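Close look at the chain arrangement
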Amino acid sequence: MRSIQVLFTALMVLALHSERVCAQSTADRISIEQRAVTLASGETIDYEVGTLFVPENRGKPNSRTIAIGFARIKALHPTGAPPVFWLPGGPGLDVLGAFTERGDAAQARLRSWLSFRPVGDLVIVGQRGYTTRGEKLVEMSDASPLDRPASVRADARAMRALAIRAMAHHSDKDLSGYTIDAFAADIDSLRRELRYDKISLFGGSFGSQWSLAVMRFHPEIVARAVLSSVEPLNNGYDMPSHVFAALQRIAYDADRDAGLAPYLPQGGVMEAVRALHRRFASQSTPKVVRVVVVDEVGKRQVVALGKEDLQLALLSRTSDAARWPAFILSLYHGRYEDWARETLQDRRAAPVTLIGPLVDSSLGVTAEREHQMRTDPATDLLGTWNFESNISSASDWPTPDMGDSVRLPRVSPIPVVFVHGDWDTSTPIENTLGLLPYFPNGHAILVHRAGHDGAFYQLRQSVAAKDAIFEFLRTGQTGALPTEVSLTVPRFELPPFPAPSRAR
């Protein structure tokens, strides 16, 4: 009998010790602090800010531990709905500063987050490798020369050099651990540490790609999702003709703008684009213009611009649709100063967020899609800027190739609402249209004239649509969701010079 009592006592001690070890281990994996923030209105909001500790490389048992910041805003009242995990875009968008920063942008983000409180808890998650309360992995790019035009080939060489330099400067880190499945596993770890059974996902751009990875690798934990400006796992690089189609849609409204009319050639904005291409892409003597600009310290700089600079400008100057036609028409009328001034800034050395190329080179693209991109007819006008440097440097980055089994879409029963604008030139609307058949419980809201923005900003002119999104997150009901929303035509910016007496 005594031996049984001794054995029982020993087992109890062991159990208590195990419980303490488990509790200590949990405490080591996460830390949470109670905070409060006062809005401009004077209202004080309670929230939590925390740090999640995870392996840098989840495939290695002795991996270094890294920290990931997160925040949680509790629901106003228990709703029974799954918490919403809000995943930022980028990669390399750090949003947790909104709780401490002053200014209109931070206040607007906070108000947006607070609108989720009637739905349930909201958890804002930082990104491994670029996060408040953790590390921000960056490397300086090389400056590009001003005395000769840019080229895709030179850009690819610079990306390869950046990869080699990043490996050398971050030799104390395991950069091979920054893959999309590791990002997805971070979400599952945080879910478990916060003791949630299932979660809903809310993400745009890279946040949507991150969400799709969570649904791929951890489908059992996702109740539903709202994704905007959608970037499928195989669509990290855009199809040129899809980008060009978005430009055509912008041009359609610009061609009907009374203020722009005196600047337009016959054939409208897209004819101006084609005329510029002919001007700079002559097979015999490609045009190079050299523009003198004065930099911010008063120094005169000469910037050389050529055919591939024009291709790059058609891709990179399109984020603000209301400004894009004026930019094109300025070039069409031979006014290159603003273009040169912006190019001067772009060619300077600048910090590069490393998780971008680490994730992109690991996800890559299927051979079939790469063939389609390279043979796409719009490459004549847009070039291969969108994908060449990443594909060329993929072997220089340490993250392993994820393989086609990850890249290609699979049928998923998870209910998803896709919100996508048809003026989006960063993740074209065709991304959603191609992915929708794989989600039999999916619903798409196509937003005419919306660009590369979050769901609620795209739906800013439709209160009913926003309310329907919240209802979907709260209950899963889709009956009130629209299929199409149209924004009003924006006020297009005019070129910064008087209209010519007769368009060329």
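Residues numbered from 1 in each chain as written. Predicted model: local features only at pLDDT ≥ 70, side-chain atom pairs only at ≥ 80, totals over all residues. Heavy atoms only, no water.

On to the nonpolar core, then. Judged by nonpolar contacts, the single largest core of 53 residues is most densely connected at Phe85, Leu190, Leu201 and Met215. Here this core takes 6 residues from helix 5 (residues 206-217), the largest share from any one element. In contact with Phe85, other than residues within four places in its own chain, are Val123, Val125, Ile187, Leu190, Arg191, Leu194, Tyr196, Ile199, Ser200, Leu201 and Phe202. If you look at the next biggest cluster of nonpolar residues, it comprises 44 residues, including Tyr336, Ala378, Trp385 and Phe492. (Core = buried A, V, L, I, M, F, W, Y, C linked by side-chain atoms within 4.5 Å. Buried < 20%, exposed > 50% of the residue type's maximum accessible area, 1.4 Å probe, protein only. Helix = DSSP H or I, 4+ residues; strand = E, 2+ residues; numbered from the N terminus. Contact = heavy atoms within 4.5 Å.)

What follows deals with the packing of aromatic side chains. By the definition in use, this model includes 18 aromatic pairs. Ring geometry for Phe183 versus Trp210: centroids 5.6 Å apart, planes at 90°, classification edge-to-face. Of this pair, Phe183 sits in helix 4 (residues 180-193) while Trp210 sits in helix 5; the two residues are 27 residues apart in sequence, bridging distant segments of the chain. You can call Phe183 buried: its relative accessible area is 0%. Take Trp210: its relative accessible area is 1%, and that puts it in the buried class. (Phe/Tyr/Trp six-rings, centres within 6.5 Å; stacked < 30°, edge-to-face > 60°.)

We now examine the confidence of the model for the protein. For residues with low pLDDT, the predicted coordinates do not support detailed interpretation. Mean pLDDT over the protein stands at 93; residues scoring 70 or higher make up 94%. Low confidence marks residues 1-27, where pLDDT is under 50. Its contacts with residues over four positions away, or in another chain, come to 1 contact. (pLDDT = per-residue confidence, 0-100.)

Right, let's talk about the sheet that holds strand 2 (residues 44-55) for a bit. Ordered by their spatial adjacency, 10 strands build an open sheet running 1-2-3-5-4-7-8-12-13-14, and the pairing between neighbours is mixed. Strands at the two margins of the open sheet, each flanked by one partner only, are strand 1 (30-38) and strand 14 (484-486). In this sheet, neighbouring strand axes are inclined to one another by 20° on average, regardless of whether the strands run parallel or antiparallel. Pairing of strand 7 (residues 199-205) with strand 8 (residues 222-230), which is carried by 7 bridges, proceeds in the parallel orientation. By the bridge assignment for strand 8, Gly204 is matched with Ser228. Relative to the sheet, helix 4 contacts strand 1, strand 2, strand 3 (65-73), strand 4 (84-87), strand 5 (122-125) and strand 7, its axis offset from that of strand 2 by approximately 120°. (Pairing = 2+ DSSP bridges. Axes fitted to C-alpha atoms, helices over the stretch in contact; angles between N-to-C directions.)

This brings us to the packing of helix 6 (residues 240-254) against helix 7 (residues 268-280). Closest axis-to-axis distance for the helix 6/helix 7 pair is 7 Å, and the angle between their directions is 130°. When the axes of helix 6 and helix 7 are compared, the pair comes out oblique. Along the contact surface, helix 6 presents Phe244, Leu247, Gln248, Ala251 and Ala254, while helix 7 presents Val269, Met270 and Val273. In terms of residue class, the contact of helix 6 with helix 7 is made up of 7 nonpolar, 1 polar and no charged. (Parallel < 35°, antiparallel > 145°, perpendicular 65-115°, else oblique. Nonpolar A, V, L, I, M, F, W, Y, C, P; charged D, E, K, R; others polar.)

All right, on to the pairing of strand 4 then. Along any regular strand, the residues point their side chains to alternate faces of the sheet. The alternating pattern of strand 4 places Val84 and Trp86 on one face and Phe85 and Leu87 on the opposite face, and all of these are buried. Judged from the 3 bridges that link them, strand 4 and strand 5 form a sheet pairing that is parallel. From the neighbouring strand, Phe85 faces strand 5, where its bridge partner is Val123. In this region the chain leaves strand 4, passes through helix 2 (residues 104-114) and returns to the parallel neighbour strand 5; the handedness of that crossover is right-handed. Both strand 4 and strand 7 contribute to a ladder of 4 bridges, which runs parallel. Among the inter-strand pairings, Trp86 is bridged to a residue of strand 7, identified as Phe202. (Right-handed = clockwise from strand over helix to strand, strands pointing away.)

This brings us to unusual backbone geometry. Cis rather than trans, the peptide bond between Gly90 and Pro91 has omega equal to -5°. Even without being a glycine, Arg133 presents a positive backbone phi close to 75°. Its location among the elements puts Arg133 in the loop between strand 5 and strand 6 (138-140). We classify Arg133 as partly exposed; its relative accessible area is 29%.

Bringing the pattern of salt bridges into the picture now. Here the idea is simple: oppositely charged side chains can pair when their charged atoms come close. Tallied over the entire structure, the rule returns 33 salt bridges. With a shortest N-O distance of 2.5 Å, Arg29 and Glu193 are connected by a salt bridge. Of this pair, Arg29 sits in helix 1 (residues 2-29) while Glu193 sits in helix 4, and the two are 164 residues apart along the sequence. By relative accessible area, which is 34% here, Arg29 ends up partly exposed. In this structure, Arg128 and Asp186 form a salt bridge, with 2.7 Å as the shortest nitrogen-oxygen distance. Highlighted residues: Arg128 in the loop between strand 5 and strand 6 and Asp186 in helix 4, separated in sequence by 58 residues. Taken together, the shared-partner salt bridges in this structure form one network comprising Glu33, Arg35 and Arg133. (Salt bridge = Lys/Arg side-chain N within 4 Å of Asp/Glu carboxyl O.)

To continue, consider the pairing of strand 3. Strand 3 sits mainly inside the fold: 8 of its 9 residues count as buried. As defined by bridge partners, strand 3 adjoins strand 5 across 4 bridges and the pair is classed as antiparallel. Residue pairing in the sheet places Phe70 in a bridge with Val125 of strand 5.

Let us look at helix 2. When we look at burial in helix 2, the residues that qualify are Ala106, Gln107, Leu110, Trp113 and Leu114. The buried residues of helix 2 occupy one face: seen down the axis, they fall within an arc of 125°. Facing away from the buried side of helix 2 by over 90 degrees, the exposed positions are Asp104, Ala105 and Arg111. Tucked inside the fold, the buried residues of helix 2 contact strand 1, strand 2, strand 3, strand 4 and strand 5. (Arc of directions from axis to C-beta.)

Our next topic: the packing of helix 4 against helix 5. With their axes 8 Å apart at the nearest point, helix 4 and helix 5 run at an angle of 75° to one another. When the interaxial angle is binned, helix 4 and helix 5 end up roughly perpendicular. Residue-level contacts link Ile180, Asp181, Phe183, Ala184 and Ile187 of helix 4 to Phe206, Trp210, Ala213, Val214 and Phe217 of helix 5. Here the contact of helix 4 with helix 5 is built from residues that sort into 9 nonpolar, no polar and 1 charged.

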